Amino acid sequence: MSSGNTNRANLPAAMLVFALLMFWQIAAMGMNAAYIMPSPAQVVQRLWDLRGPIFTAHLPATMSVVVIGLMISIVLGMALAILMDASPIAEKALYPVVIASQTIPTTALAPLFVLWFGYTIWSKVLVTVLMTFFPVTITVFDGFRSVRTEMKDLMFCMGADTRQMFFKLKLPAVLPCFFSALKMAVPLSVIGAAIGEWLGAQSGLGYFSRRMMTQLDGAGVFAPILLLSIAAMLLVAVVSAIEKRVITWRNE
């Protein structure tokens, strides 16, 4: 796709974002209470004013939680999906547990993680894993189940063993599902890290936002949130770029 076509494709999204920002700016000016609703300009200015501690201490802390949590979720989610696909008994045992894990409010477990692990990185990582392993597990497992039966029968008739069946057929077939799950998990990992830091941490963007709230600094509260949104969008863009390079046959 040429750059001109790309720009035209992105034009509706850009126009919607601009309209929302203008509405926010007008609403903030009408309210005239920056500690409750700061304007976008005030948020950006505050982010620039606080760039020292935010970019040198709090952003790296949050991104460390996000990356570690995502890596654990990918390994755990893939392992559970493969196990459930390989064994019907494991599917019957694990599938309800995986579903039940998402019915527990994260905000209820996060304080317990803080009690168990203190203000270390692992209490936040556990919150992130709890929120992100589910889409990876379920989406990849559904991808395994959607592999066409006639393709499996064909490979079986050609003498393929279980290992060849997995690496030559199932794994390539499930890659689109994996990347879709990853694009869902990335924003959830950022949210999970922020929740963990909000409820108990000594650094991180969630912790910094909560600290600004105690000071009635509305723009200071929104500044880390804005940075979290930008970070999540950039990570999703990276995943999409990797997906296009790996899954070259999708558009064929």
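Above this note sits the structure.
The structure contained in this document is the topic of the report that follows. Since the structure is predicted, the reported quantities are computational estimates derived from the model, not experimental observations.

Concerning the overall build of the protein chain
- For the protein chain, the count of helices and strands is 10 helices and 0 strands.
- The order of α-helices and β-strands along the protein chain, N terminus first, is α-α-α-α-α-α-α-α-α-α.
- C-alpha atoms of the protein chain, sized along the principal axes, occupy 70 × 55 × 30 Å.
- Taken over 252 residues, the protein chain has a buried fraction of 38%.
- When contacts within the protein chain are restricted to residue pairs at least 6 apart in sequence, those whose partners lie at least 24 apart make up 71%.
- Treating the 17 positive side-chain charges of the protein chain as one cloud and the 11 negative ones as another, the clouds have centres 5 Å apart.

Re helix α3 (residues 51-86)
- The end-to-end C-alpha separation of α3 is 49 Å, in line with the 52 Å expected for 36 residues at 1.5 Å each.
- The largest bend along α3 reaches roughly 35° and is located at His58, with the proline Pro60 sitting one to four residues downstream.

Thoughts on the packing of aromatic side chains
- If you walk through the whole model with that rule in mind, you get 4 aromatic pairs.
- On the numbers, 5.7 Å between centres and 55° between planes, the contact of Phe113 with Trp116 is tilted. Of this pair, Phe113 and Trp116 are both found in helix α5 (residues 106-117), 3 residues apart, which corresponds to roughly one turn of the helix.
- Accessibility expressed as a relative area gives 58% for Trp116, which makes it exposed.
- Their ring planes at 70° and their centres at 5.4 Å tell us that Phe178 and Phe179 sit as a pair that is edge-to-face.
- Its relative accessible area of 15% is what places Phe178 among the buried residues.
- The aromatic ring of Trp48 is capped on one face by Arg51, whose charged end is 3.9 Å from the ring centroid.

A short note on the environment of Trp24
- Topologically, Trp24 is positioned in helix α1 (residues 3-31).
- Beyond its immediate chain neighbours, meaning those up to four positions away, Trp24 contacts Met37, Pro38, Ser39, Pro40, Val43 and Phe222.

Some remarks on the environment of Met212
- Structurally, Met212 can be placed in helix α9 (residues 205-214).
- C-alpha separation for the pair Met212 and Pro224, spaced 12 residues apart in sequence, amounts to 9.7 Å.
- Residue contacts for Met212: discarding those within four places in its chain leaves Arg46, Leu50, Asp217, Gly220 and Val221.

Conventions we followed
- Residues numbered from 1 in each chain as written.
- Predicted model: local features only at pLDDT ≥ 70, side-chain atom pairs only at ≥ 80, totals over all residues.
- Heavy atoms only, no water.
- Helix = DSSP H or I, 4+ residues; strand = E, 2+ residues; numbered from the N terminus.
- Buried < 20%, exposed > 50% of the residue type's maximum accessible area, 1.4 Å probe, protein only.
- Contact = heavy atoms within 4.5 Å.
- Lys, Arg positive; Asp, Glu negative; His and termini not counted.
- Charge placed at Lys NZ, Arg CZ, Asp CG, Glu CD.
- Expected span 1.5 Å × (residues − 1).
- Bend = angle between axes of the 7 residues up to and from the residue.
- Phe/Tyr/Trp six-rings, centres within 6.5 Å; stacked < 30°, edge-to-face > 60°.
- Lys NZ or Arg CZ within 6 Å of the ring centre and 35° of its normal.

The values are spatial; any link to function lies outside them.
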